[in-house]
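Each chain, written out:
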Amino acid sequence: LAATCCLTLGKSHCAAIHTEGDLQLMSLYERGTVPEERQVAQMLHEIPHHVRITKVSDPKTFEPTKEVFALRQLSLQQAEDLARSIKAVIDGHDRF
């Protein structure tokens, strides 16, 4: 559900922000001319969001008292990698 919401937000963000109201450009997004992964990556890159920051040496260890969330801006490469993982979850592939 979270992955599907992220994809929907990415598509909405790109259609609203990157077309500047141009209906022809908006239709390119709606028809799928711009790959969904790319739309999600663009949103993840442009909009800072909260991520989990671990205060333990092993990031796979979950200790609720050692977890904090901080605002972070992803690089374009990080955003593309995360977008690929999100799309893989939606498509039913294990990518983690």
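Now for a quick tour of the structure. The structure presented is a predicted model; accordingly, all values stated were derived computationally and were not measured.

## Notes on the overall build of the protein chain
Item 1. Check the secondary structure of the protein chain and you find four helices and two strands.
Item 2. Relative to its 96 residues, the protein chain shows a buried fraction of 27%.
Item 3. For the protein chain, contacts bridging at least 24 residues in sequence account for 51% of all contacts bridging at least 6.
Item 4. With an accessible surface of roughly 6600 Å², the protein chain has 57% of that area assigned to carbon and sulfur atoms.

## Description of the pattern of salt bridges
Item 1. Per the counting criterion, the structure on display carries four salt bridges.
Item 2. As a salt-bridge pair, Lys 87 and Glu 36 come within 2.9 Å of each other at their nearest N and O atoms. Of this pair, Lys 87 sits in helix 4 (residues 76-90) while Glu 36 sits in helix 3 (residues 36-46), placing them 51 residues apart in sequence.
Item 3. In this structure Lys 87 comes out as buried when scored by relative accessible area, which is 18%.
Item 4. Here Arg 38 ties to Glu 80 by a salt bridge, and the two come within 3.1 Å at their closest N and O atoms. With Arg 38 in helix 3 and Glu 80 in helix 4, the pair connects residues that are 42 residues apart, well separated along the chain.
Item 5. On the accessibility criterion, Glu 80 (24% relative accessible area) is partly exposed.
Item 6. Linked through salt bridges whose partners overlap, the residues forming this network are Glu 36, Lys 87 and Asp 91.

## Let's talk about the packing of helix 1 (residues 2-17) against helix 4
Item 1. Relative orientation of the contacting elements helix 1 and helix 4 amounts to 120 degrees, with a least axis distance of 9 Å. One way to sum up the angle between helix 1 and helix 4 is to call them oblique. The crossing of helix 1 and helix 4 is left-handed. Here Ala 3, Thr 4, Cys 6 and Leu 7 of helix 1 lie close against helix 4, whose contacting residues are Ile 86, Val 89 and Ile 90.

Each value, and the rule that gives it
- Residues numbered from 1 in each chain as written.
- Predicted model: local features only at pLDDT ≥ 70, side-chain atom pairs only at ≥ 80, totals over all residues.
- Heavy atoms only, no water.
- Helix = DSSP H or I, 4+ residues; strand = E, 2+ residues; numbered from the N terminus.
- Buried < 20%, exposed > 50% of the residue type's maximum accessible area, 1.4 Å probe, protein only.
- Contact = heavy atoms within 4.5 Å.
- Areas by Shrake-Rupley, 256 points an atom, 1.4 Å probe, with all protein chains shown as cover.
- Salt bridge = Lys/Arg side-chain N within 4 Å of Asp/Glu carboxyl O.
- Axes fitted to C-alpha atoms, helices over the stretch in contact; angles between N-to-C directions.
- Parallel < 35°, antiparallel > 145°, perpendicular 65-115°, else oblique.
- Left-handed = near helix turned anticlockwise from the far one by under 90°.

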